[in-house]
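The residues making up each chain are set out below.
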Amino acid sequence: MKIDRQSDGTYPAYAWPGGYPLYYLDREDNILCPTCASQETNPVEGQVYYEGSTLQCDECFATIESAYGDPEAEQTEPAEDEPAEDDYTTSDYCTFYQYGKLAVSTEADHWQTAIAAHMDQQQMWPNVWHISDHGNAHLLSVE
Ligand SMILES: [Zn+2]
């Protein structure tokens, strides 16, 4: 998008309203920080940088961080309130899934016994989660 130079002749570093970070592209699509863009004599395109990994200015190597960070970087961090792949998940207390496959099928009244037996058999004691209709995970106590 077209960004106008400010009264002092420089390009703004942030978009208003919102205060979102801006970066600039020259004619060759080089990424420019606001400082380097301000020194360009050719017109540059401004971009609001909402989301993504940190960019680097092709001129001075200054970093340009996005407003909301890198969503993919966040996904790779293990979330504490999310089931891991080797955890058991159930939505009905009868069928329990592990590694995306059915691991235990039991009666709801006896699920703790069935899960405990399955864990002992596997010699693994991961967490057990109940997945609600809305997709929210709640940690279950097996004891
Ligand atoms: Zn720069």
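Residues numbered from 1 in each chain as written. Predicted model: local features only at pLDDT ≥ 70, side-chain atom pairs only at ≥ 80, totals over all residues.

Between its first and last C-alpha atoms helix H3 (residues 111-122) spans 16 Å; for twelve residues at 1.5 Å apiece the expected length is 16 Å, and the two agree. Immediately downstream of H3, the backbone of glutamine 123 shows phi near 60 degrees, a positive value. (Helix = DSSP H or I, 4+ residues; strand = E, 2+ residues; numbered from the N terminus. Expected span 1.5 Å × (residues − 1).)

A word on the nonpolar core. If you look at the biggest cluster of nonpolar residues, it comprises ten residues: Tyr11, Leu22, Tyr23, Tyr24, Leu32, Cys33, Cys36, Ala37, Val44 and Ile64. Of all the secondary structure elements, the ones that give two or more residues to this core are strand E2 (20-25) and helix H1 (34-39). Considering every element that reaches this core, the biggest residue donor is E2, with three residues. Residues within four places of leucine 22 in sequence aside, it is in contact with Ile3, Pro12, Ala13, Tyr14, Ala15, Pro34, Gly46, Gln47, Val48 and Tyr49. Formed by six residues, the second largest nonpolar core is a distinct cluster that contains Phe96, Trp111, Val128 and Trp129. (Core = buried A, V, L, I, M, F, W, Y, C linked by C-beta atoms within 7 Å. Buried ≥ 20, exposed ≤ 12 C-beta atoms within 10 Å, placed from the backbone. Contact = placed C-beta atoms within 7 Å.)

Another point: the domain arrangement of the protein. Assigned domains of the protein: these are domain 1 (14-73) and domain 2 (88-140). Of note, the centres of domain 1 and domain 2, computed from C-alpha atoms alone, are 47 Å apart. (Domains from an automatic or database assignment.)

Here we take up the pairing of strand E10 (residues 128-131). Two elements, strand E7 (residues 88-90) and E10, share three bridges in a ladder whose sense is parallel. When the sheet's bridge partners are listed, threonine 90 is paired in E10 with histidine 130. As consecutive antiparallel partners, E10 and strand E11 (residues 137-140) are separated by five residues, and within that stretch glycine 135 has a phi angle of approximately 85 degrees, a positive value. (Pairing = 2+ DSSP bridges.)

Two strands pair when backbone bridges link them, and E10 and E11 are joined in this way by four bridges, in the antiparallel orientation. Bridge pairing in E11 places histidine 130 opposite histidine 138.

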